[in-house]
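Residue strings, one per chain:
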Amino acid sequence: MMSLSRHSFLKRLVREQKVGALMGSLLKEIRNGGHSVADTESKAGFGGGIEDVYGEDCATEDQVLTPWTASVASGYTLLRDPHYNKGLAFTEVERDAHYLRGLLPPAILTQELQEKKLIQNLRQYEVPLHRYIAMMDLQERNEGLFYKLLIDNVEELLPVVYTPTVGEACQKYGSIFRHPQGLYISLREKGKILEVLKNWPERGIQVIVVTDGERILGLGDLGCQGMGIPVGKLSLYTALGGVPPSACLPITIDVGTNNEKLLNDEFYIGIKQKRATGQEYAELLEEFMTAVKQNYGEKVLVQFEDFANHNAFELLSKYSKTHLVFNDDIQGTASVVLAGLISSLKLLGGQLADHTFLFLGAGEAGTGIAELIALEISKKTNAPLEETRKKVWLVDSKGLIVKSRIGSLQHFKKPWAHDHEPIKELVDAVKAIKPTVLIGTSGVGKTFTREVVETMASLNEKPLILALSNPTSQSECTAEEAYAWTKGRAIFASGSPFDPVEYEKKLLVPGQANNAYIFPGFGLGLIMAGAIRVHDDMLLAASEALAAQVTQENYDKGLIYPPFTNIRKISANIAAKVAAKVYELGLASNLPRPKDLVKYAECCMYSPLYRSYR
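Residues numbered from 1 in each chain as written. Predicted model: local features only at pLDDT ≥ 70, side-chain atom pairs only at ≥ 80, totals over all residues. Heavy atoms only, no water.

The subject of this paragraph is the sheet that holds strand β8 (residues 399-400). A sheet is described by the order of its strands in space; here seven strands give the open sequence β8-β7-β6-β9-β10-β11-β14, paired in mixed fashion. Looking at strand neighbours, the two that pair on one side only are β8 and β14 (511-512), the edges of this open sheet. Bridge count between strand β10 (residues 464-467) and strand β11 (residues 491-494): four bridges; the pairing is parallel. Note that in β11 the partner of L466 across the bridge is A493. Contacts between helix α16 (residues 328-348) and the sheet are confined to β6 (357-360), β9 (437-440), β10 and β11, with β10 contributing the most and set at about 155° to the helix. Lying on the sheet, helix α17 (residues 364-381) is in contact with β6, β7 (392-396) and β9; it crosses β6 at an angle near 165°. (Pairing = 2+ DSSP bridges. Helix = DSSP H or I, 4+ residues; strand = E, 2+ residues; numbered from the N terminus. Contact = heavy atoms within 4.5 Å. Axes fitted to C-alpha atoms, helices over the stretch in contact; angles between N-to-C directions.)

The following block contains the structure:
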């Protein structure tokens, strides 16, 4: 581009467009007249055949196709392209080569200086939602700078782009909506989902995060406004796991909402109808999953996010046999919590099998964590899974899950119905079961009352209390409450972040059992190995890899998770362990296996640093 004059550049662009038109007419002739590839080569003047990049040749004759075009970005267009825009960092040479003269002020600012300015601006906002909006605006105009800012300030900005602020953003998504950041597939697109997927400009998609918005965090049914979750998750896939942003696709499946407030909101961005269920819902999801594989291939990872319990378990069970699928609420949460439990053994003593676990909450997260705990104990002790499940007890809204309730239990709760008399209240369950670990996945705030926590403290020298519900307002208790009610003896971690607490002149730092520790590295490991299916052993490998990253310095502060400042290194190690397990299980398609998987993971990671343009 640097050596081309504007005139020669335009001539070349026109020539490329003519070639594109010729290619399109040739493809049409092939469909209608049955020409061979050799005929095509001779007419087009190209050797080696024509790669069917978009799968258009495989389409049926009556299928409407999208006319894809591409050109070199320059001038005003380049400044509006977030993938390539560098703002004031364009050099003098680049401004000449890409027709940017006059479109930018004369100053040239490095990426580091741009980052310094932006973080100062962000810190001036007093309202977290305003920071969120500013970050999303940055992502839409300058992708590289957005990720550089997020990576370099991950501990500060993670709560902005994800929980807890993303929860408020989803609640107000209709009001703050500026620019579509993913694909919206609604009931109106039924029968043409494949064509909708083709409307997305990027072809090499490796990770899809999809939600139907029915159970957003602990906030309930937010319908189409749940898009904030896939967008946030995928920004973390890139920032923390190094998956290129061009390989990530956020999707919302809009089947309506049962949220009356949204249905009556004039600014609501989704379909204004009650949620579709049953066969209509199942058919839409089946078409979606089929279209995803058809358009992006066998190895695309589909991550289900914030589906309601009754759909989450069924979708995971159904599609795990035919697709590369992962449910972060069930499997990601389980893996990160198990990692915390494994690392906490250095503080608690003993093995995992020596402890008793009591959950408040028996939904996706609770039962997913419980199953992975039982599976890990089974692997370590060679005891049957049915036996190791007896170390884990669950309390739901009706009380302790016991055998006498089995007839009325949902299928995913039945494995946790143990022999015991019915108990209604959590505090009574704590007194009866005498757990060493108390885990909250209820989605209901303030449920770990003073009496509950003090009872845990009376039973254990170091009670392990995990208040995992998100956002912060839904946490079962705060870090300050946990430390105060246990006289500073609790080992505490939560789903959303809490500030350090000073107790009797000692600074106690609460951990965060954030799924962001697991899913970015987990996804990168699957992609590296070219995995075709997810296996529970991969989740166990991820948990053990994360637990191994906790240092003695972290333990001295009462932490059972490493700091997020090292998250890219942590993700690389998790990716390596997960990929190794994929190869070991014979589920890898990227062969041969790299010798050093950690170095390979680091090499695969996306870099947000500005590149020089020619």
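Don't stop here, the text continues.
Structural remark: α-helix, 3.6 residues per turn; residues separated by three or four positions point the same way. Along α16, 19 of the 21 residues are buried, which leaves the element largely enclosed by surrounding structure. Two to three positions downstream of the cap, the backbone nitrogen of D329 sits 2.9 Å from a side-chain oxygen, assigning the N-cap of α16 to N327. Backbone geometry just downstream of α16 places G349 in the positive-phi region, at approximately 90°. (Buried < 20%, exposed > 50% of the residue type's maximum accessible area, 1.4 Å probe, protein only. Polar contact = N/O pair within 3.5 Å; in protein donor to acceptor, adjacent residues only side chain to side chain.)

This part is about unusual backbone geometry. Residue P164 is bonded to the preceding T163 through a cis peptide linkage, with omega at 10°. The linkage connecting L591 with the following residue, P592, adopts the cis geometry, with an omega of 0°. One non-glycine residue, K434, adopts positive backbone phi at about 55°. Its place among the elements puts K434 in the loop between α19 (426-433) and β9.

Position of K403 relative to the elements: it lies in the loop between β8 and α19. What makes K403 partly exposed here is its relative accessible area of 42%. Those residues in contact with K403 that sit more than four places away from it in its chain are A417, H418 and D419.

Relative to the elements of secondary structure, R101 occurs in the loop between α4 (92-97) and α5 (111-124). Under the relative-accessibility criterion, R101 is labelled partly exposed at 47%. Each C-alpha atom of the pair R101 and G75 lies 8.2 Å from the other, and the pair is 26 residues apart in sequence. Apart from residues lying up to four places away in sequence, R101 is in contact with E92, R95 and D96. Looking at R101, its side chain comes within polar contact range of the side chain of E92, at 2.5 Å.

So, about the packing of α19 against helix α20 (residues 450-459). Relative orientation and spacing of two packed helices are given, respectively, by the angle between their axes and the distance between those axes. The interhelical angle for the contact between α19 and α20, taken along N-to-C directions, is 10°, at an axis separation of 9 Å. One way to sum up the angle between α19 and α20 is to call them roughly parallel. Taken together, the residues of α20 that come into contact with α19 (itself represented by L426, V427, V430 and K431) are E451, V452, T455, M456 and L459. A class-by-class count of the residues in the contact of α19 with α20 yields six nonpolar, one polar and two charged. (Parallel < 35°, antiparallel > 145°, perpendicular 65-115°, else oblique. Nonpolar A, V, L, I, M, F, W, Y, C, P; charged D, E, K, R; others polar.)

One finds Y132, I373, F522 and L526 to be the most contacted residues of the largest nonpolar core, which totals 120 residues. Looking at this core, the element that brings in the most residues is helix α25 (residues 567-584), giving 11 residues. The residues touching F522, leaving out its near neighbours within four places in the chain, are F326, V534, M538, L539, A542, I574 and V578. With 37 residues, the next largest nonpolar core counts V196, L284, V292 and Y319 among its residues. (Core = buried A, V, L, I, M, F, W, Y, C linked by side-chain atoms within 4.5 Å.)

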